[in-house]
Amino acid sequence: MEYIFSLEFIYLIASVTYILGLKMLGHPETARKGNLIAAFGMTLAIFGTIFLYQGKVEPLIYSLIGAAIVIGTIIGWGVAKKVDMTKMPELVSLFNGMGGASAAIIGLIEFNHYVGDQLSIATIIAGLIIGSISFSGSMIALAKLNGTLKKPIRFPSYNIVNNIILIAILAFGVYITMSGSDSQMYLYLIFFAALAYGVLFVMPIGGADMPVVISLLNSFTGLAAAFAGFLYGNMVMLTGGILVGSAGTILTFAMCDAMNRPLASVIFGAFGEGTAGSEASQKSPQGGSIKKTTPSDAAILMNYANKVIIVPGYGLAVAQAQHVIHELELLLEKKGVEVKYAIHPVAGRMPGHMNVLLAETNVDYDKLVEMEDINSEFKNTDAVLVVGANDVVNPAAHNDPGSPIYGMPILDVEKAKSIIINKRSMNPGYAGIENELFFNQKTSMLFGDAKD
Amino acid sequence: MEYIFSLEFIYLIASVTYILGLKMLGHPETARKGNLIAAFGMTLAIFGTIFLYQGKVEPLIYSLIGAAIVIGTIIGWGVAKKVDMTKMPELVSLFNGMGGASAAIIGLIEFNHYVGDQLSIATIIAGLIIGSISFSGSMIALAKLNGTLKKPIRFPSYNIVNNIILIAILAFGVYITMSGSDSQMYLYLIFFAALAYGVLFVMPIGGADMPVVISLLNSFTGLAAAFAGFLYGNMVMLTGGILVGSAGTILTFAMCDAMNRPLASVIFGAFGEGTAGSEASQKSPQGGSIKKTTPSDAAILMNYANKVIIVPGYGLAVAQAQHVIHELELLLEKKGVEVKYAIHPVAGRMPGHMNVLLAETNVDYDKLVEMEDINSEFKNTDAVLVVGANDVVNPAAHNDPGSPIYGMPILDVEKAKSIIINKRSMNPGYAGIENELFFNQKTSMLFGDAKD
Amino acid sequence: MDVLIEFISNHLQMIYIVILMIFVGVEVIGNVPAVLHTPLMSGANAIHGVVIIGAILVMLGTSPDNILALSLGFVAVLLGTLNVVGGFVVTDRMLEMFKKKK
Amino acid sequence: MDVLIEFISNHLQMIYIVILMIFVGVEVIGNVPAVLHTPLMSGANAIHGVVIIGAILVMLGTSPDNILALSLGFVAVLLGTLNVVGGFVVTDRMLEMFKKKK
Amino acid sequence: MKIGILKEIEKSEKRVSISPKIAKLLIEKGFEVIVEEGAGDSSKFKNTDYEEVGATIEKRGAVYKDSNILVKINPFDEDGLKLIDENHILICQLFHKSHPEIVKEIAAKGATIFSMDALPRISRAQDMDVLSSQSNLAGYKAVIKGAYEMTKIFPLMMTAAGTITPSRVLIYGVGVAGLQAIATAKRLGAIVEATDIRMETKEQAESLGAKFITVEGIGEASDNGYAKAASEEYARKQKEAVNNSLFQADLVITTAMVPGRKSPVLITEEQVKHMKNGAVIIDLAAAQGGNCALSKMNKTVIKNGVKIIGTTISPESVSTNASDLYAKNMFNFINYLTENNEFKWNLEDQITDETLIVKDGVIRKT
Amino acid sequence: MKIGILKEIEKSEKRVSISPKIAKLLIEKGFEVIVEEGAGDSSKFKNTDYEEVGATIEKRGAVYKDSNILVKINPFDEDGLKLIDENHILICQLFHKSHPEIVKEIAAKGATIFSMDALPRISRAQDMDVLSSQSNLAGYKAVIKGAYEMTKIFPLMMTAAGTITPSRVLIYGVGVAGLQAIATAKRLGAIVEATDIRMETKEQAESLGAKFITVEGIGEASDNGYAKAASEEYARKQKEAVNNSLFQADLVITTAMVPGRKSPVLITEEQVKHMKNGAVIIDLAAAQGGNCALSKMNKTVIKNGVKIIGTTISPESVSTNASDLYAKNMFNFINYLTENNEFKWNLEDQITDETLIVKDGVIRKT
Ligand SMILES: NC(=O)c1ccc[n+]([C@@H]2O[C@H](COP(=O)([O-])OP(=O)(O)OC[C@H]3O[C@@H](n4cnc5c(N)ncnc54)[C@H](OP(=O)(O)O)[C@@H]3O)[C@@H](O)[C@H]2O)c1
Ligand SMILES: NC(=O)c1ccc[n+]([C@@H]2O[C@H](COP(=O)([O-])OP(=O)(O)OC[C@H]3O[C@@H](n4cnc5c(N)ncnc54)[C@H](OP(=O)(O)O)[C@@H]3O)[C@@H](O)[C@H]2O)c1
Ligand SMILES: NC(=O)c1ccc[n+]([C@@H]2O[C@H](COP(=O)([O-])OP(=O)(O)OC[C@H]3O[C@@H](n4cnc5c(N)ncnc54)[C@H](O)[C@@H]3O)[C@@H](O)[C@H]2O)c1
Ligand SMILES: NC(=O)c1ccc[n+]([C@@H]2O[C@H](COP(=O)([O-])OP(=O)(O)OC[C@H]3O[C@@H](n4cnc5c(N)ncnc54)[C@H](O)[C@@H]3O)[C@@H](O)[C@H]2O)c1
């Protein structure tokens, strides 16, 4: 009696830590702590389960479990620590797959224990299917991310085929449940079918869209876990699973409109590779493709930079965004960011155009730096914000003897760690979110190198 | 069987509507719809309970219930519709009391049905106590709001006494539960004790703080409802109650720091009447007392205004807030608000001081209106924002022959529907929330008439 | 102690629900602009009118000859209704100020 | 149909929990800045590693002679651990970029 | 009553005391307005403009003869004084402290005179305050004049042909004129510094974006807005504090005045020696002796590369606006003193009392 | 090689082609610099300033004799031409299209000359573009001059003495000069309107806060930044479109030029008649005949109350900055043409080709 209660109690705590953890993950300041909290809860739950298990257990089994956990920990930890930043998304995808697999396996094992009990069987099957899909899907995603799989394979009426398969699987699942059959064969059949579907599902999607896919699969795995939880009437699994399921879904959508494309077009690969938006905090340059980003995003990027250089151009004048930029500057400085303006001698349409603009907002004269002096600074600059400038940061002046501006000295923004280019503003004055309001106004940005 | 399920199902829906409703209430745009949704859910739950009740019921009872509901509806609706805006808080307080009472009564009735079952008794007693407190408390609050009860009664070591009583009540409650006694006497004793406590609890608190108190009692009632729900294992009551309980508590704190004072100081009346902050959207002028308000608040107020006049003064120059104000102006106009600047001839420290400032931000010249022309416009202006101006809006120039500025023409801002005065800014640049960021920077406002 | 333990393990799910509900409550309020405080309070106030259901249940449960219970119940239902109806209507009126301009 | 009805009324509280959990999930994500998407995803990913508990339960449940189940279970636990540990560690690393500057 | 508007005779003076716009207002209030021929010419008001609003144009003598109230900007001159008599009420900037002889003359004639410059600096008098309205414009024009005379431009410009560093402007005396000068120079993109004896002006200067040079040990109180004379010791400290900026300055504008006194010398010849070649000094206090030792009224002195231009706080060159404002002040003033076109002679009233220098031949203020 | 810096002899000219700062750079690059006595005086550069950086001061004759490269701003004059010979490489703004006779003379002498004004308007040439650098300053000064001459102030002012309405400024020709004029007038708080024949200037003008007056049916293409001559019909349309603004304007600045042509007449005497009494016109195109029919170079014409001031695009009065920029342009130019102090004579290069008017007595451009 005693320990049950305490186990349940531990689960309770665990579930709460998940919620808190996830919540805190939503805010830059608390994100890290949030992660730890959730991790703590998890550990608690795991050990609780092992040591407060009622009923006799062979030491062998204990040792097995122990072994599995130890090995898993070592590998997981090691990999996670070693792999370098740009590979992060691959990892996430990998681990997600593991989770899915684990869920699927549970299904495989438990199946024949519950034959007859429709409800449980249904649960098991569901968990199995989803788990498998998310497993195989993640693996493909992984392959695509690290480039093993390059071009999206897609043949006519691909989607139709896919959907048919999916329906088949589901139908089959229902059949198994209803029939109450105990055939292992069926079980493995559906298992493999699900795996196959996972592959087919991800195959046609462009590499740039993978993050979205992963996030989607992620919430799948969540569901799988929830089903397992339901099976055992195990609260922590249930809650945890559902939580990830719902949060994951929302997240998926959030990601989609961060790269403003509808989920559908992602899944059914409506866009081709080229223009495919790519997920924000992923720095690895996508060959030639353009990264869109959101204001709040760019904002955070700048908030956490140590040094930001603003490159104003004619567009700033056209948009009359000088005040806005100035406020942004003040904001960043409050946050302890060093801000400078790089003034190109011919930025704008008349000599000293930028000076006139910025003087209007009382930008401190010392912050305006001439091209010669600032060019050396770019390399130790975290973020460059190019606002409505173009020629003056156009590398063509260096590289392309053909170009009309060839030979014109330019600002070497490429040297900076990251670059944000702000082009033609939508309707300025439109109120955005959070402290990025004004910044946001004129901002629909292109991530990557200057060029339009 | 059938109908149970459907009743449960109805409850489920109801609970969801409450959550949604409350959520939507949190956003100006959706607030109204949210309210309706919740109301709908409530209706559903009520009729569900009546018509899907299993087991035989005398028509008499049905008719009684019907009668009660009809009467209640008529009265409630009528009162709510008739009473004028400024009396709203009173009403809320009243209705809250009703809820509390209802909860208490349930307790009174059910008591002897459950004698012996400790858990239920405990629940009943708890519900009874809380319900009663929130009932009597609300009544006092009501009396204080409509001024029947003027000055806060407070005698030495009042709080100590209060707390002692509270503890006594609780102890007694525990005793009843444990003893398993069925004495009606005890029951009523504790009932009245609770009532008394409610009175004592609210008595010493300043009228200006009532809204906070009501919000607190409100969450109490929520709890009471939850207990009742627990008693009947009735989900909708449980969820609804808890929801209100938690939401109400948060709200209470929110209110407290909207008038930036700690809850404690409100309850233990640390402040006297005079300086007592008063709740935001309540317009009735508190004799001589000052209303603080928050940026987001003022923002909304202006967003929903049709016409806003900005009165700049020397403080604007000192704070160099002209850009900020200009952005605010643009923002409001995007929202379809008509914005004008009222320029007093001697605002600032030199002739044309304000013109210099505002020209710097390219404020449209047509928006700058001279005193003579604008004074007539104030009366049909929804909100006036006075930024760092003082003398030029100081009625003393009209009323007080003693004052040095007597005889100087001023801007008659008093005529406007609501006035926001912005005085000395804290550290500009600190990032606030939502689209009020910049506005917020320089804003800690005093609500009410100009004077410092 | 055992009582408590027993209680908890018996009503485990209830407890989950309560806790989650609290979360939801907190989350939902998040940071509301102060102008909305009163309407919100009043809305919540209306919601806790659910007690009326309790009151109704009581009446439905009581035998028609138990006058005291009946009359008390009657009052309870009446008050509850007041709370609910009044609450919602008042809230609605407060919110009129937020009607969007064309 | 009845099955469904029965199911619902039997697991009523579970259903509440599920629904509430969904709410919480949605609320909690609210509007997160895009930079946090990846860490968040990865965090969530780690959390759904709870399946490991299922895996553990399986193993605890199986008799030591059921080799297949055991080995499968073993793998399951292993993978689960990977998911959990790896997930949290990766997330943490991602979040290093958010270390506040002095 | 008949109001006579006289033409200013000083050659540098381009203003007129009443503009057509205001003449109209006066006529609407029931006054008759008589304008001396060509009074408005140099303010770009044609005689016809006056006639259009219902005023009559007369020769000078006639104006004196026919009107009860005579309005002017500058003190009355010899020939003018000859023509006045005990029925005349005169209104102008008399600076009676500096012109006792004129006061005597007027008294001798038994006439009455209000002096606008004697107006108390109180809030309700602001709309009659000619000093404010005029020195405000003077501040603006001083900067324009400076920019015109300089061989450099004000703003910072980073161009393909190199960077032009912004000009440095230094302003002595942050009164109305000083503040407007700061604002204008700032608008044109200069780096502006300012100093004043009255500490309260620090915040004011900064509110317009100027750097204020604080003279440590600064402690001269101000009485009702005006500065007291500065102590020896303060003057010394001030020079030390300012020199650094002075020697870098491209344009210096001095507005430091102490009413009814010779204005303080803030820039010595010695200091000028150390100033930049090509620098310009605009001395608005020249009329009262000047803030720069070298400045001569209405003259441009060039001393080792530094141009020193002596002028006054009265913005003669922006005559159109200046006249408008002065006229408005006059209108408000007359309005305030009269009730349906008759003077109230309410001597208890501070404004009446302080501005009324001579009443019916009796000298009230010296 | 020896670079000789000549003093400009035109009386109104206050600039010098090389400032001490640049002289220093040239010397560092290994050139010898010889400066004519007093060349820098009116730009506020003393002879000693040049000597300090290592240049030598010489009498005019000596400068001609000793140096291989002769640098000037304005075209060479008679006496100057006498002193040159086939070894001389001359650099100045020759405006060869307008001065064929000078070109012939130089050719006759067998000398070589680069003309700065012939520089192609391409991005990489911007740092040698004297037209841009100079007309930019001219635009600024034109506004200052205008403000100085006007009897009104620029900004809107709401004061106790009534409201001063902002001045209205109208700008013809939104080139470099025009844009800078817009910027400056705007800074001072005026209401600015502008018009130009090249449509692309609309956005540019608006980006500086001016209202652009579009001449409907406007369609004159521009070739490489310069405007083509306008058609009769355009001229008519333009007047209609602009008149309304013109007759309200307090200050008009015209910068409309078509290279190598008489500049278009944009304001007729008839139009001037309808302008405000007291309005001011600054005609920067006066040198090429002027955009206003009445304007005379270096003269101020007053026609029924309107002041018409004829001047040029060369900002002589802000000589210090102007010289600095011109000098920087020269430096970049010489730098570009030479390799370790020897000319490359790379005639394929567009810049060399277009600026090299006469080479060793051979006339390459007319
Ligand atoms: N300084 C001088 O004296 C002078 C004189 C004449 C010519 N130029 C030439 O002008 C150029 C100056 O280079 P630059 O980089 O400053 O300007 P730019 O090369 O002309 O680029 C301006 C960019 O701003 C963007 N933009 C326009 N309106 C915008 C708005 N409202 N919001 C956001 N972006 C906007 C445009 O892209 P979208 O349309 O996609 O937004 C455009 O690409 C140089 O080529 C220089 O040679 C200079
Ligand atoms: N226009 C002229 O020519 C002229 C010349 C001389 C004198 N005056 C006089 O100046 C006065 C002008 O009236 P006014 O209302 O414009 O100014 P004011 O009466 O001096 O009031 C300015 C207000 O701004 C507030 N303030 C100061 N710094 C601030 C900041 N950083 N942020 C926010 N608020 C700030 C101050 O209150 P806190 O300190 O509490 O913030 C102060 O009450 C009149 O009395 C006029 O007679 C005018
Ligand atoms: N409140 C009102 O009604 C009202 C109306 C108009 C003016 N005023 C105030 O009166 C004040 C004086 O106005 P003003 O422009 O006529 O002053 P002013 O013309 O008499 O003097 C100009 C400035 O010179 C300064 N000064 C004098 N001696 C100095 C010295 N030795 N060194 C440095 N500075 C010195 C004075 O402090 C003053 O600021 C201003 O601050 C103005 O705001 C108030
Ligand atoms: N990209 C470069 O490298 C570069 C460098 C310098 C200048 N530019 C451009 O070259 C252009 C011309 O420069 P500029 O100032 O020397 O021009 P300009 O001095 O030759 O002419 C001044 C202006 O007058 C206008 N104009 C001519 N005839 C007119 C008429 N009939 N009516 C109205 N307006 C008329 C022209 O369009 C021009 O804008 C400018 O736009 C400038 O930005 C480009």
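Residues numbered from 1 in each chain as written. Chains lettered and ligands numbered in written order. Predicted model: local features only at pLDDT ≥ 70, side-chain atom pairs only at ≥ 80, totals over all residues. Heavy atoms only, no water.

Caption draft 1: Spotlight on the overall build of chain E. Summing up its helical and strand segments, chain E has 12 helices and 21 strands in all. The C-alpha atoms of chain E give a radius of gyration of 22 Å, which matches the 21 Å a tight globule of 366 residues would have. Here chain E holds 366 residues, and 60% of them are scored as buried. By sequence separation, contacts in chain E at least 24 residues apart represent 65% of the contacts at least 6 residues apart. Summed over all atoms, the accessible surface of chain E reaches about 13100 Å², with 51% contributed by carbon and sulfur. (Helix = DSSP H or I, 4+ residues; strand = E, 2+ residues; numbered from the N terminus. Rg over C-alpha atoms; globule rule 2.2 N^0.38 Å. Buried < 20%, exposed > 50% of the residue type's maximum accessible area, 1.4 Å probe, protein only. Contact = heavy atoms within 4.5 Å. Areas by Shrake-Rupley, 256 points an atom, 1.4 Å probe, with all protein chains shown as cover.)

Caption draft 2: Structural context of the overall build of chain A. Across its full length, chain A holds 17 helices and seven strands. For chain A, the residues scored as buried account for 60% of the 452 residues in total. Within chain A, counting contacts between residues at least 6 apart in sequence, those at least 24 apart form 73% of the total. Counting every atom, chain A has about 16700 Å² of accessible surface; 68% of that belongs to carbon and sulfur.

Caption draft 3: Just the sheet that holds strand E6 (residues 112-115) of chain E, in detail. Judged by pairing direction, the sheet is mixed, and its eight strands sit side by side in the order E3-E2-E1-E4-E5-E6-E20-E21 (chain E) without closing on themselves. Of all the strands in the sheet, the pair left with one neighbour each is strand E3 (56-58) and strand E21 (362-363) of chain E. (Pairing = 2+ DSSP bridges.)

Caption draft 4: Up close: the interface of chain B and chain E. Between chain B and chain E, the contact holds 19 residues from the first and 15 residues from the second. Counting across the chain B and chain E interface gives zero salt bridges. The interface formed by chain B and chain E includes five residue pairs in polar contact (both at pLDDT 80 or more). Mapped onto the side of chain B that touches chain E, the elements with two or more residues apiece are helix H12 (314-319) and helix H14 (353-360) of chain B. No other element matches H14(B), which puts five residues into the side of chain B that touches chain E. Taken together, the residues of the side of chain B that touches chain E break down into 13 nonpolar, four polar and two charged. (Salt bridge = Lys/Arg side-chain N within 4 Å of Asp/Glu carboxyl O. Polar contact = N/O pair within 3.5 Å; in protein donor to acceptor, adjacent residues only side chain to side chain. Nonpolar A, V, L, I, M, F, W, Y, C, P; charged D, E, K, R; others polar.)

Caption draft 5: Representation of the sheet that holds strand E3 (residues 56-58) of chain F. Residue and element names in this part refer to chain F. Read across the sheet, eight strands follow the order E3-E2-E1-E4-E5-E6-E20-E21 without closing on themselves; strand pairing throughout is mixed. In the strand order of this sheet, the two ends are held by E3 and strand E21 (362-363), each with one partner. Pairing between strand E4 (residues 69-71) and strand E5 (residues 89-92): three bridges, direction parallel. Opposite Ile69, over in E5, you have Ile89 as the bridge partner. The sheet contacts of helix H11 (residues 319-337) involve strand E1 (2-5), E4, E5 and strand E6 (112-115), and relative to E5 the element is tilted by about 140°. (Axes fitted to C-alpha atoms, helices over the stretch in contact; angles between N-to-C directions.)

Caption draft 6: Structural view of the packing of aromatic side chains. What the rule picks out here adds up to 24 aromatic pairs over all chains. Both rings, one in Phe47(B) and one in Phe51(B), keep their centres 6.1 Å apart while their planes meet at 10°; by these two values the pair is stacked. Note that Phe47(B) and Phe51(B) are positioned in helix H2 (residues 28-51) at a spacing of four residues, about one turn of the helix. Between Phe343(E) and Trp345(E), the aromatic rings sit 5.1 Å apart at their centres with planes inclined by 25°, giving stacked as the arrangement. Owing to a relative accessible area of 10%, Phe343(E) belongs among the buried residues under this scheme. An aromatic cluster of three or more residues is present, and its members are Phe114(E), Phe333(E), Phe343(E) and Trp345(E). A cation sits over an aromatic face here: Lys359(E) above Trp345(E), 4.1 Å from the ring centre. A cation sits over an aromatic face here: Lys344(F) above Tyr336(F), 5.6 Å from the ring centre. (Phe/Tyr/Trp six-rings, centres within 6.5 Å; stacked < 30°, edge-to-face > 60°. Lys NZ or Arg CZ within 6 Å of the ring centre and 35° of its normal.)

Caption draft 7: Examining unusual backbone geometry more closely. The backbone of Asn362(A) sits at a positive phi, close to 60°, despite the residue not being glycine. For Asn362(A), the location among the structural elements is in the loop between helix H14 (353-360) and strand E4 (368-370). With a relative accessible area of 30%, Asn362(A) lands in the partly exposed category. The backbone of Asn298(F) sits at a positive phi, close to 55°, despite the residue not being glycine. Its place among the elements puts Asn298(F) in the loop between strand E15 (280-283) and strand E16 (300-303).

Caption draft 8: Region of the structure containing the packing of helix H6 (residues 130-149) of chain F against helix H7 (residues 176-187) of chain F. All names here are of chain F. One can describe the packing of H6 onto H7 by two numbers: an axis separation of 7 Å at closest approach and a directional angle of 35°. You can see that H6 and H7 cross each other, and the crossing is right-handed. Along its contact with H6, which presents Ser132, Ser135, Asn136, Gly139, Tyr140 and Val143, the element H7 presents Val176, Ala177, Gln180, Ala181, Thr184 and Ala185. Classifying every residue of the contact of H6 with H7 by side-chain character gives six nonpolar, six polar and no charged. (Left-handed = near helix turned anticlockwise from the far one by under 90°.)

Caption draft 9: A look at the confidence of the model for chain E. Residue and element names in this part refer to chain E. This prediction gives chain E a mean pLDDT of 90; 96% of its residues lie at or above 70. Highest mean pLDDT in chain E belongs to strand E14 (residues 251-254) (97); lowest belongs to strand E12 (residues 222-223) (53). Reported confidences for the modelled complex are a pTM of 0.77 and an ipTM of 0.73. (pLDDT = per-residue confidence, 0-100.)

Caption draft 10: Quick look at the side chain of Asp324(E). Residues and elements named next belong to chain E. Structurally, Asp324 is set in helix H11 (residues 319-337). You can call Asp324 buried: its relative accessible area is 19%. The contacts of Asp324, once residues within four sequence positions are left out, are Ser19, Lys21, Ile22 and Phe45.

Caption draft 11: Inspection of a nonpolar patch on the surface at higher detail. A surface patch of nonpolar side chains, about 340 Å² in accessible area, is lined by Val70(A), Ile71(A), Ile74(A) and Ile75(A). With respect to the helices, strands and loops of the structure, Val70(A) is situated in helix H3 (residues 59-82). (Patch = residues over 30% accessible without salt bridge, like charges linked within 9 Å, V, L, I, M, F, W, Y side chains within 5 Å.)

Caption draft 12: Quick look at helix H6 (residues 158-179) of chain B. All names here are of chain B. Given a rise of 1.5 Å per residue, 22 residues ought to cover 32 Å, and the 31 Å separating the end C-alpha atoms of H6 matches this to within 8%. Along H6, the positions that sit buried rather than exposed are Tyr158, Asn162, Ile169, Phe172, Gly173, Ile176 and Thr177. With its buried residues spanning 140° around the axis, H6 presents them on a single face. Exposed residues pointing more than 90 degrees away from the buried face of H6 are listed as Ile164, Ile167 and Met178. On the buried face of H6, the contacting elements are helix H4 (88-114), helix H5 (118-145) and helix H7 (184-202). Of the residues trailing H6, Gly180 is marked for its positive phi of about 65°. (Expected span 1.5 Å × (residues − 1). Arc of directions from axis to C-beta.)

Caption draft 13: The interface of chain C and chain B, seen in detail. Listed by partner, the interface residues are 76 residues for chain C and 101 residues for chain B. Together, the buried faces of chain C and chain B total about 8000 Å²; carbon and sulfur atoms form 81% of this surface. Between the two partners, chain C and chain B, sit one salt bridge. Taking the shortest distance from any N to any O, the salt bridge between Asp92(C) and Arg32(B) comes out at 3.2 Å. Run the count over chain C and chain B and you get 10 residue pairs in polar contact (both at pLDDT 80 or more). Looking at the side of chain C that touches chain B, the elements with two or more residues in it are helix H2 (12-29), helix H3 (37-47), helix H4 (51-61) and helix H5 (67-95) of chain C. Broken down by element, the side of chain C that touches chain B gets its largest block of residues, 27 residues, from H5(C). Its residues assigned to classes, the side of chain C that touches chain B comprises 51 nonpolar, 19 polar and six charged. (Buried area = accessible area lost by both parts, 1.4 Å probe.)

Caption draft 14: The pattern of salt bridges, seen in detail. Overall, the coordinates contain 56 salt bridges over all chains when judged by the stated rule. The shortest N-O distance in the salt bridge between Glu333(A) and Lys367(A) comes to 3.4 Å. Placement of the pair is Glu333(A) in helix H13 (residues 322-334) and Lys367(A) in the loop between H14 and E4, with a sequence separation of 34 residues. Assessed through its relative accessible area of 29%, Glu333(A) is described here as partly exposed. Its relative accessible area of 16% is what places Lys367(A) among the buried residues. Ionic pairing is found between Arg15(E) and Glu13(E), a salt bridge with its closest N-O pair at 2.8 Å. Neither residue differs from the other here; Arg15(E) and Glu13(E) are each classed as buried. Bridged by salt links that share partners, the residues Lys307(A), Glu338(A), Lys340(A) and Glu377(A) form one connected network.

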